[in-house]
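# Architecture and fold: a report
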Amino acid sequence: MALKQELMTIVSQKNIAPSIYELVLTGELVNEMHTPGQFLHIRVPREDLLLRRPISLAEINHDAGTCTIIYRVEGDGTACFSQMASGEQLDVMGPLGNGFDLDAVSAGDTVFIIGGGIGVPPLYELGRQLKEKQAQLVFMLGFASKEVSFYEDKFKELGNVFISTDDGSYGTHGHVGVLMAQAAVDYQEPTAVYACGATGLLRAVEARYLEHPHAYLSLEARMACGMGACYACICQSATDETKNKKVCDEGPVFKTGEVII
Ligand SMILES: Cc1cc2nc3c(=O)[nH]c(=O)nc-3n(C[C@H](O)[C@H](O)[C@H](O)COP(=O)(O)OP(=O)(O)OC[C@H]3O[C@@H](n4cnc5c(N)ncnc54)[C@H](O)[C@@H]3O)c2cc1C
Ligand code: FES
């Protein structure tokens, strides 16, 4: 695989919720970006932070020649990104990983898209591409509170949106599992199910859709190389306990039942 790496230029950066930033980048690499669920491996412009930070593609816009990432400030690396301004450059590798498989979905199909917190961003580009296929989209999005929720209006342009908050400050009180139980009653069996979020959310989706032929989970793992060489990001195969899978290049998206989460 040819190394896809570039100094991309920051078009804009906006604080969209407490500690959450939307960053728009431009560069030749945008031409390589097609699949939702893939991620960028971004070098922190600080000499002492050697490992790149993996951040999912939230939007790919070929007309504008831009891509968007949405990230939450967790530690030194993301704090450093949040201080950067338009015109500055970031060393980006990508797009990397095995993204969401959209093949099973056709016009008119019902699709469930389930996300939590900072797992929500990659679901936006996924929704945009599924809407282009004219699927009927049902989003179930969980956040800690109303304050840290984002992109509701943008998701509403793509389909039906149901929101839950852990503290009950907005939408349904509780976690996304409550929304999933309701959607199973209100909607027909979905053609495909896609999820990204914390481990608890992924386990809930897996429990409900383990046997579903087109249910996909996007996982997180601590990464180093980001391209399959160092084995820092392995998880265990669920079907063969002697086998490991690398989240960075065999994932981050896996089918339900494929790996142990
Ligand atoms: C495939 C993938 C996609 C991701 N997409 C997003 C996204 O769209 N938005 C977003 O806000 N976050 C996303 N993350 C999590 C993001 O990578 C971490 O929050 C970020 O690396 C933290 O870096 P830091 O320097 O601020 O924190 P620190 O805690 O200082 O990081 C120290 C080290 O741990 C690694 N690390 C820390 N937390 C994580 C984590 N949760 N997952 C993987 N590595 C971690 C860092 O990369 C770094 O190498 C994604 C992670 C993966 C694996
Ligand atoms: S991070 Fe190196 S193999 Fe996945």
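For the structure, see preceding data.
## Regarding the site of ligand 1
If you check the shell around ligand 1, you find 21 residues, and the closest are Pro54, Arg72, Thr78, Glu220 and Arg222. Interatomic distance of 2.8 Å between a backbone N/O atom of arginine 72 and an oxygen atom of ligand 1. For ligand 1, an oxygen atom lies 2.8 Å from a polar atom in the backbone of glycine 77. At the level of secondary structure, the elements contributing two or more residues to the shell around ligand 1 comprise strand S4 (53–56), strand S6 (66–72) and helix H1 (76–82). With four residues, the top contributor of residues to the shell around ligand 1 is S4. Grouping the amino acids of the shell around ligand 1 by side-chain chemistry returns 10 nonpolar, four polar and seven charged.

## Considerations on the sheet that holds strand S1 (residues 5–17)
Strand order in the open sheet formed by seven strands is S4-S3-S7-S1-S2-S6-S5, and the pairing between neighbours is antiparallel. At either margin of the open sheet sits one strand with a lone partner, and together these are S4 and strand S5 (59–61). For this sheet, the mean inter-axis angle between neighbouring strands, taken without regard to orientation, is 35°. Examined bridge by bridge, strand S3 (residues 39–42) and S4 share four bridges and lie antiparallel to one another. Looking across to S4, one finds that leucine 40 is bridged to isoleucine 55. Sitting on the sheet, helix H2 (residues 121–132) is in contact with S4, S5 and S6, with an inclination near 45° to S5.

## Topic: the side chain of serine 164
Relative to the helices and strands, serine 164 resides in strand S10 (residues 160–165). By relative accessible area, serine 164 is classed as buried at 1%. Those residues in contact with serine 164 that lie beyond four places of it in its chain are Leu141, Gly142, Phe143, Tyr170, Thr172, Gly174, His175, Val176 and Leu179.

## Some words on the packing of aromatic side chains
Inspection of the entire model under this criterion finds 12 aromatic pairs. Ring centres of phenylalanine 162 and tyrosine 187 lie 6.4 Å apart, and the angle between their planes is 75°; this geometry places the pair in the edge-to-face category. Highlighted residues: phenylalanine 162 in strand S10 and tyrosine 187 in the loop between helix H4 (176–186) and strand S12 (192–196), separated in sequence by 25 residues. Note on tyrosine 194 and tyrosine 216: the rings are 5.4 Å apart at their centroids and 20° apart in plane angle, and the pair reads as stacked. With tyrosine 194 in strand S12 and tyrosine 216 in strand S13 (residues 215–218), this residue pair connects regions lying 22 residues apart in the sequence. Residue class for tyrosine 194 comes out buried when judged on its relative accessible area of 0%. The exposure class assigned to tyrosine 216 is buried, which follows from its relative accessible area of 7%.

## Regarding the packing of H4 against helix H5 (residues 199–209)
Contact geometry for H4 and H5: axes closest at 10 Å, N-to-C directions at 25°. Classified by the angle their axes make, H4 and H5 are roughly parallel. For the element pair H4 and H5, the recorded crossing hand is right-handed. Contacts between H4 and H5 involve Val176, Met180, Ala181 and Ala184 on the former and, on the latter, Leu201, Ala204, Val205, Arg208 and Tyr209. Taken together, the residues of the contact of H4 with H5 sort by class into eight nonpolar, no polar and one charged.

## Some details on the nonpolar core
Ile113, Leu130, Phe155 and Tyr194 are the most contacted members of the largest nonpolar core, which totals 30 residues. Mapped onto this core, the elements with two or more residues apiece are strand S8 (110–116), H2, strand S9 (136–143), S10 and S12. Leave out the neighbours within four places in its chain, and phenylalanine 155 touches Val120, Leu123, Tyr124, Phe139, Leu141 and Val161. Counting 28 residues, the second-largest nonpolar core is a separate cluster that includes Met140, Leu179, Met223 and Val259.

Reading the values: the criteria
- Positions within a chain are numbered from 1, following the residues in the order the chain's sequence is written.
- Whichever chain is written first becomes A and whichever ligand is written first becomes 1, with later ones labelled in order.
- In keeping with the predicted nature of the model, local features appear solely for residues at pLDDT of at least 70, side-chain atom pairs appear and are counted solely at 80 or more, and the whole-chain, interface and lining totals rest on all residues.
- The basis for every side-chain value is the complete set of heavy atoms in the structure, and neither hydrogens nor water enter the calculation.
- It suffices for a single heavy atom of a residue to lie within 4 Å of a molecule or strand for the residue to be listed as near it.
- Pairs of N or O atoms are called polar contacts if they sit within 3.5 Å, as long as, within protein, a hydrogen donor faces a hydrogen acceptor (for residues adjacent in sequence, only side-chain-to-side-chain pairs).
- Numbering of helices and strands runs from the N terminus, with a helix taken as a DSSP run of H or I at least four residues long and a strand as a DSSP run of E at least two residues long.
- Under this grouping Gly is polar, as are all residues other than the nonpolar Ala, Val, Leu, Ile, Met, Phe, Trp, Tyr, Cys and Pro and the charged Asp, Glu, Lys and Arg.
- Here a strand pair is declared whenever DSSP counts at least two bridges between the two strands.
- Only the stretch in contact is used when fitting a helix axis, every axis being a line fitted to C-alpha atoms; angles between N-to-C directions are given from 0 to 180 degrees.
- Two residues form a contact once any of their heavy atoms are found within 4.5 Å.
- The buried label applies to any residue whose accessible area, calculated with a 1.4 Å probe on protein chains only, is under 20% of its type's maximum; exposed applies above 50%, and partly exposed to all values in between.
- Aromatic rings from Phe, Tyr and Trp, with only the six-membered ring used for Trp, were paired whenever their centres fell within 6.5 Å, and each pair was classed as stacked if the ring planes differed by under 30 degrees, edge-to-face if by over 60, and tilted otherwise.
- Here the angle decides the label: under 35 degrees means roughly parallel, over 145 means roughly antiparallel, 65 to 115 means roughly perpendicular, and every other value means oblique.
- Note on convention: near helix rotated counterclockwise from far helix by under a right angle means a left-handed crossing. Clockwise means right-handed.
- The criterion is simple. A nonpolar core is a set of buried Ala, Val, Leu, Ile, Met, Phe, Trp, Tyr and Cys residues joined through side-chain atoms within 4.5 Å.

Structural measurements only, silent on function.
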